Amino acid sequence: MTARIRIGIIGGGLAGITLAIALVKHPHVDVQVYEAAPQFLERGAGIGLSPLTLEALDDIIPSVIDLLKTQAGAVELDPARLVVGSGPEAGALVSDVEVAAGLTMNRAPLLQALISRLSGDMLHAGKRVKSLEQTDSCVTVVFEDGTDVHFDAVIGADGIFSSVRNHVVGEEPEKYAASPAGWWDCRHLVPFEKARLALGDESFKVDRQYAWLGEGASMLHGVVENRTMVQCIIAVIDKTFSTDRKRIVTRQVLEDALPASWYEGPVAKGMVDLILDQEEPKGYAIWEHKYTPTYANNRVCIVGDAAHTTSPWQSAGAGMAVEDAFILGHLIGNISSAGEITAAFRVFDALRRPRCQRVIDTGRETGRLFCGQNEAVGVDAKKLNEAIGQTFANVGALNLESHKEEALQTMRAFLGS
Ligand SMILES: Cc1cc2nc3c(=O)[nH]c(=O)nc-3n(C[C@H](O)[C@H](O)[C@H](O)COP(=O)(O)OP(=O)(O)OC[C@H]3O[C@@H](n4cnc5c(N)ncnc54)[C@H](O)[C@@H]3O)c2cc1C
């Protein structure tokens, strides 16, 4: 029997854990996951998984929708509704976005539901990676606690400020680091009834995400946790592209950031009150990777936000991480020795990088449309409908089966078989 291929995954967020599930089903692969935090835990707001993401996830975990409904309180959503939120057309329907339907849930139970598919002995918490070294046959991972471990290959799923990314992109990694996308947002999770009272019945007749588009800002809300809670987000333009990751948010900060035309519309007052009704509201900078020269360097590659952080306007970041796991799972499932891993990683880079960069670029354009920054479109419902239809079409325009077949064929060509 040939030796199993030893793969270390760095980072136990949605990307790392989904990839581990995709790899662990192959008996010829041994997978270990290393997470810097003392526990495998997700924090923060809810997350939406599109029909395409769920299709990829279902290939990795059969019957995943049932799992997410029973273990993660996932709510099935109608297509997201986009409405004008400020100015003379406030209240006008822009469109219902099919690719933004699917399931929504909170991040913490989503990660726990996924982790339940893995055996505890492959999960190592409290292990922060300090550096990597690779030779032609091995990758050594050095941890901050002074220990090290050797693998045939390493996959970095260590998020926006990834250190594995620095190793992969080579010289001058700071040139390719994540940078501010030009917006910041503040979020709050509020009880359903409270949100319904503040925002009105109309927004809660059907389970769906709502995005309110307008001058200089955008507001989003959607049900999570078995319809008991509502996630609320206000996102505003940051003209300074500040690299401060967090800022204090007060009523005055929001008044300064939101043009007066919002307060004449149907949603701003209620959303501002809901957002401020928490201890020490904070604003978070939105980041993105503007360009990445490669996702793979010999026996090391990167996935998820480490490879392609995108602004959240298309709700596509975790979706791309799931697509990564789907493709890498099939590629690595189809090699038979550690020597072939570099071919799998090269193919992964060749296919996934153009797709993900397109989503990042259309994500940025979507944000500009949501916040009235596209001068030709402004806050005109009809023009927004046309322009946003094009940006979202790109996210959903992936045939998973063809993507997989192309990956496998390209790898066979690389391997000369
Ligand atoms: C406001 C907002 C809303 C969003 N909404 C959606 C949505 O609706 N749908 C969607 O698809 N996407 C959405 N996204 C994007 C999505 O959340 C991310 O793309 C996804 O969570 C990234 O997962 P990840 O595992 O790549 O990164 P992370 O979740 O950042 O995980 C990285 C992990 O690596 C660990 N780590 C870091 N450094 C080290 C180290 N040196 N050693 C070991 N471990 C390390 C970290 O502790 C962390 O656990 C949204 C993003 C934002 C900001």
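Here the structure is a predicted model, which means the values were calculated and not measured. (Residues numbered from 1 in each chain as written. Predicted model: local features only at pLDDT ≥ 70, side-chain atom pairs only at ≥ 80, totals over all residues. Heavy atoms only, no water.)

## Some points on the overall build of the protein
Here is step 1 of the chain: A tally of helices and strands in the protein yields 13 helices and 20 strands.
Here is step 2 of the chain: For 417 residues, the compact-globule estimate of 2.2 N^0.38 gives 22 Å, and the C-alpha radius of gyration of the protein, at 22 Å, lies within 12% of that figure.
Here is step 3 of the chain: The principal-axis extent of the C-alpha atoms belonging to the protein is close to 70 × 45 × 40 Å.
Here is step 4 of the chain: In the protein, which comprises 417 residues, the proportion classed as buried is 55%.
Here is step 5 of the chain: Put simply, 74% of the contacts in the protein that link residues at least 6 apart link residues at least 24 apart.
Here is step 6 of the chain: For the protein, the exposed surface amounts to about 17,400 Å²; the carbon and sulfur share of it is 50%.
Here is step 7 of the chain: With 39 positive and 53 negative side-chain charges, the protein shows a separation of 1 Å between the mean positions of the two kinds. (Helix = DSSP H or I, 4+ residues; strand = E, 2+ residues; numbered from the N terminus. Rg over C-alpha atoms; globule rule 2.2 N^0.38 Å. Buried < 20%, exposed > 50% of the residue type's maximum accessible area, 1.4 Å probe, protein only. Contact = heavy atoms within 4.5 Å. Areas by Shrake-Rupley, 256 points an atom, 1.4 Å probe, with all protein chains shown as cover. Lys, Arg positive; Asp, Glu negative; His and termini not counted. Charge placed at Lys NZ, Arg CZ, Asp CG, Glu CD.)

## What to know about the site of the ligand
Here is step 1 of the chain: Contacts to the ligand come from 30 residues, most closely from Ala15, Glu35, Gly48, Arg107 and Asp305.
Here is step 2 of the chain: Between the ligand and the protein, one listed contact pairs an oxygen atom with a backbone N or O atom of Leu14 at 3.2 Å.
Here is step 3 of the chain: Measuring from an oxygen atom of the ligand, one finds a backbone N or O atom of Ala318 at 2.9 Å.
Here is step 4 of the chain: Contact with the protein chains removes 82% of the 1,000 Å² of surface that the ligand exposes when unbound.
Here is step 5 of the chain: For the shell around the ligand, the secondary structure elements donating two or more residues are helix H1 (14-24), strand S3 (46-49), strand S13 (179-191) and helix H10 (317-333).
Here is step 6 of the chain: Per-class residue counts for the shell around the ligand are 11 nonpolar, 10 polar and 9 charged. (Near = heavy atom within 4 Å. Polar contact = N/O pair within 3.5 Å; in protein donor to acceptor, adjacent residues only side chain to side chain. Nonpolar A, V, L, I, M, F, W, Y, C, P; charged D, E, K, R; others polar.)

## Structural notes on the side chain of Arg355
Here is step 1 of the chain: Secondary-structure assignment places Arg355 in helix H11 (residues 341-370).
Here is step 2 of the chain: Among the polar contacts listed, one links the side chain of Arg355 to the backbone oxygen of Val395, at a separation of 2.8 Å.
Here is step 3 of the chain: Excluding residues that lie within four positions of it along the chain, Arg355 makes contacts with Leu52, Glu323, Asn394, Val395, Ala397 and Leu398.

## Section: the pairing of S13
Here is step 1 of the chain: Bridging between S13 and strand S18 (residues 282-288) involves 4 bridges; their strand directions are antiparallel. When the sheet's bridge partners are listed, Asp185 is paired in S18 with Tyr284.
Here is step 2 of the chain: In this structure, S13 lies alongside strand S16 (residues 229-237), joined through 9 bridges in antiparallel fashion. Paired with Arg187 across the two strands is Ile233, which belongs to S16. (Pairing = 2+ DSSP bridges.)

## Quick look at the nonpolar core
Here is step 1 of the chain: If you look at the biggest cluster of nonpolar residues, it comprises 89 residues, and the most contacted ones within it are Ile17, Leu68, Ile155 and Ile332.
Here is step 2 of the chain: Top element by residues in this core is H10. It accounts for 10 residues.
Here is step 3 of the chain: For Ile17, the residues in contact, after removing those within four places along its chain, are Gly12, Val33, Phe40, Leu111, Leu114, Ile115, Leu118 and Leu123.
Here is step 4 of the chain: Counting 30 residues, the second-largest nonpolar core is a separate cluster that includes Val75, Cys186, Val230 and Val272. (Core = buried A, V, L, I, M, F, W, Y, C linked by side-chain atoms within 4.5 Å.)

## Quick word on the sheet that holds S3
Here is step 1 of the chain: Across the sheet, which stays open at both edges, the 3 strands sit in the order S3-S7-S4 with antiparallel pairing between neighbours. The two strands at the open ends of the sheet, each matched to only one other strand, are S3 and strand S4 (75-77). Adjacent strand axes in the sheet meet at a mean angle of 30°, parallel and antiparallel pairs treated alike.
Here is step 2 of the chain: Looking at chain direction, S3 and strand S7 (residues 102-106) are connected through 4 bridges and run antiparallel. When the sheet's bridge partners are listed, Leu49 is paired in S7 with Leu103.
Here is step 3 of the chain: Docked against the sheet, helix H2 (residues 51-60) engages S3 and S7, running at close to 80° with respect to S3. (Axes fitted to C-alpha atoms, helices over the stretch in contact; angles between N-to-C directions.)

## A closer look at the packing of helix H6 (residues 192-199) against helix H8 (residues 268-276)
Here is step 1 of the chain: Two elements in contact, H6 and H8, have axes separated by 8 Å at closest approach and are oriented at 150°. When H6 is examined against H8, the residues Lys194, Ala195, Ala198 and Leu199 are found in contact with a partner set consisting of Gly270, Met271 and Leu274.
Here is step 2 of the chain: Residues belonging to the contact of H6 with H8 are distributed by class as follows: 5 nonpolar, 1 polar and 1 charged.

## Quick look at the packing of H2 against helix H3 (residues 64-72)
Here is step 1 of the chain: Between H2 and H3, whose axes approach to 8 Å, the crossing angle comes to 100°. Taken together, the axes of H2 and H3 are roughly perpendicular relative to one another. Contact residues: H2 offers Leu54, Leu57 and Asp58, while H3 offers Val64, Ile65 and Leu68.
Here is step 2 of the chain: For the contact of H2 with H3, the per-class residue count stands at 5 nonpolar, no polar and 1 charged. (Parallel < 35°, antiparallel > 145°, perpendicular 65-115°, else oblique.)

## Details of the sheet that holds strand S10 (residues 139-143)
Sheets are built from strands that pair by backbone hydrogen bonding, the pairs being arranged parallel or antiparallel.
Here is step 1 of the chain: Taken in spatial order, the 3 strands make up an open sheet running S9-S10-S11, and their pairing is antiparallel. On the outer flanks of this sheet lie strand S9 (129-134) and strand S11 (148-151), each paired with one strand and no other. Strand-to-strand twist in this sheet, taken as the mean axis angle between neighbours without regard to direction, amounts to 20°.
Here is step 2 of the chain: Bridge count between S9 and S10: 5 bridges; the pairing is antiparallel. The partner of Leu132 across the bridge, within S10, is Val141.

## Here we look at the packing of aromatic side chains
Here is step 1 of the chain: This model, assessed by the stated rule, comprises 9 aromatic pairs.
Here is step 2 of the chain: Centre to centre, the rings of Phe161 and Trp287 are 5.0 Å apart; their planes meet at 85°, and the pair counts as edge-to-face. Of this pair, Phe161 sits in the loop between strand S12 (153-156) and helix H5 (163-169) while Trp287 sits in strand S18; the two residues are 126 residues apart in sequence, bridging distant segments of the chain.
Here is step 3 of the chain: Here the aromatic cluster, defined as three or more aromatic residues joined through ring pairs, consists of Tyr34, Phe143 and Phe151.
Here is step 4 of the chain: One cation-aromatic arrangement involves Lys127 over Phe143; the distance from NZ or CZ to the ring centre is 4.7 Å.
Here is step 5 of the chain: We note Arg346 situated over the ring of Phe414; from NZ or CZ to the ring centre the distance is 4.1 Å. (Phe/Tyr/Trp six-rings, centres within 6.5 Å; stacked < 30°, edge-to-face > 60°. Lys NZ or Arg CZ within 6 Å of the ring centre and 35° of its normal.)

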